[in-house]
Amino acid sequence: MSDAWVTRPEEERDARAIREVLLAAFPTALEADLVDALREDAAWIPGLSIVTEHDGTVVGHALLTRCHVGDTPALALAPCSVLPAYQRRGVGTAAINAALDAARALGERLVLVLGHPSYYPRFGFVRASIYGIRAPFDVPDEAMMALPFGSGPVPSGTIAYPAPFGIAA
């Protein structure tokens, strides 16, 4: 039997629950602090912070925010988090799929993620280096991934993350 996950865009009332999910899913508060900072940054795009609920409780979260490849707008998928008791049950997959669907609906063209090379290809992500996209820091080639939408040209160059990520280009 599969669990019934409900996904929806974050609402103002969800900020505390999302922070609790992040604090439970990661060993430090860095990711929770990052999400709080991104909410106040120009990189925040309404509708691209997605929660997964189970019986009305937020149990997962996925966030897409504005980044750039060269001068071309793109989206960064980070962070994604699931309460430990709900991990490996499809919660994260549901949140990521909903976030990607929302990005497509907004006409976005490219999503980037730095993550586990065995996890993200299920969503269509491939090595970013195929497109000449690179991170502004050293990272294993297979861990930096891209998901272009549509058939148009894919930009190449170095990823510029929003300021709250604390990554200089």
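Everything quoted here is computed from the prediction, not taken from an experiment.

**Student:** Which parts of the structure should I look at to understand the overall build of the chain?
**Tutor:** A tally of regular secondary structure across the chain gives three helices and nine strands. Order of helices (α) and strands (β) in the chain, N terminus to C terminus: β-α-α-β-β-β-α-β-β-β-β-β. Relative to a compact globule of 169 residues, whose C-alpha radius of gyration would be 15 Å, the chain shows 15 Å and is just as compact. Taken over the C-alpha atoms alone, the chain extends approximately 45 × 35 × 30 Å along its principal axes. Here the chain holds 169 residues, and 45% of them are scored as buried. Counted over contacts in the chain with a minimum sequence separation of 6, partners at least 24 positions apart contribute 65%.

**Student:** Looking at this structure, how should I read the packing of aromatic side chains?
**Tutor:** Any pair of aromatic rings gets described here by the distance separating the centres and the angle formed by the planes. If you walk through the whole model with that rule in mind, you get seven aromatic pairs. With centroids separated by 6.2 Å and ring planes inclined at 45°, the aromatic side chains of Tyr-120 and Phe-123 adopt a geometry described as tilted.

**Student:** Just to check I follow, could you spell out unusual backbone geometry for this structure?
**Tutor:** If a residue is not glycine, its phi is most likely negative; likewise, a peptide bond is most likely trans. The omega torsion of the bond from Ala-78 to Pro-79 falls at -10°, within 30 degrees of zero and hence cis. Along the polypeptide, Pro-79 turns up in strand β4 (residues 72–82). Phi angles above zero are rare outside glycine, and Asp-55 is one such case at about 50°. Its place among the elements puts Asp-55 in the loop between β2 (49–54) and β3 (57–69).

**Student:** Sorry, what's going on with the side chain of Thr-52 here?
**Tutor:** Looking at where Thr-52 falls in the secondary structure, it is placed in strand β2. Residue class for Thr-52 comes out buried when judged on its relative accessible area of 0%. Looking at Thr-52, its side chain comes within polar contact range of the main-chain oxygen of Val-91, at 3.2 Å. For Thr-52, the contacting residues outside a window of four places in its chain are Trp-5, Val-6, Thr-7, Thr-57, Val-58, Val-59, Gly-60, Val-91, Ala-94 and Ala-95.

**Student:** Please explain the state of the cysteines as it appears in this structure.
**Tutor:** What is meant by a disulfide is a covalent connection between two cysteines, made through their sulfur atoms. Tallying each qualifying case throughout the model produces zero disulfides. Here Cys-67 is not cross-linked by a disulfide; its sulfur's nearest cysteine counterpart is in Cys-80, at 14 Å.

Conventions we followed
Residues numbered from 1 in each chain as written. Predicted model: local features only at pLDDT ≥ 70, side-chain atom pairs only at ≥ 80, totals over all residues. Heavy atoms only, no water. Helix = DSSP H or I, 4+ residues; strand = E, 2+ residues; numbered from the N terminus. Rg over C-alpha atoms; globule rule 2.2 N^0.38 Å. Buried < 20%, exposed > 50% of the residue type's maximum accessible area, 1.4 Å probe, protein only. Contact = heavy atoms within 4.5 Å. Phe/Tyr/Trp six-rings, centres within 6.5 Å; stacked < 30°, edge-to-face > 60°. Polar contact = N/O pair within 3.5 Å; in protein donor to acceptor, adjacent residues only side chain to side chain. Disulfide = S-S within 2.5 Å.

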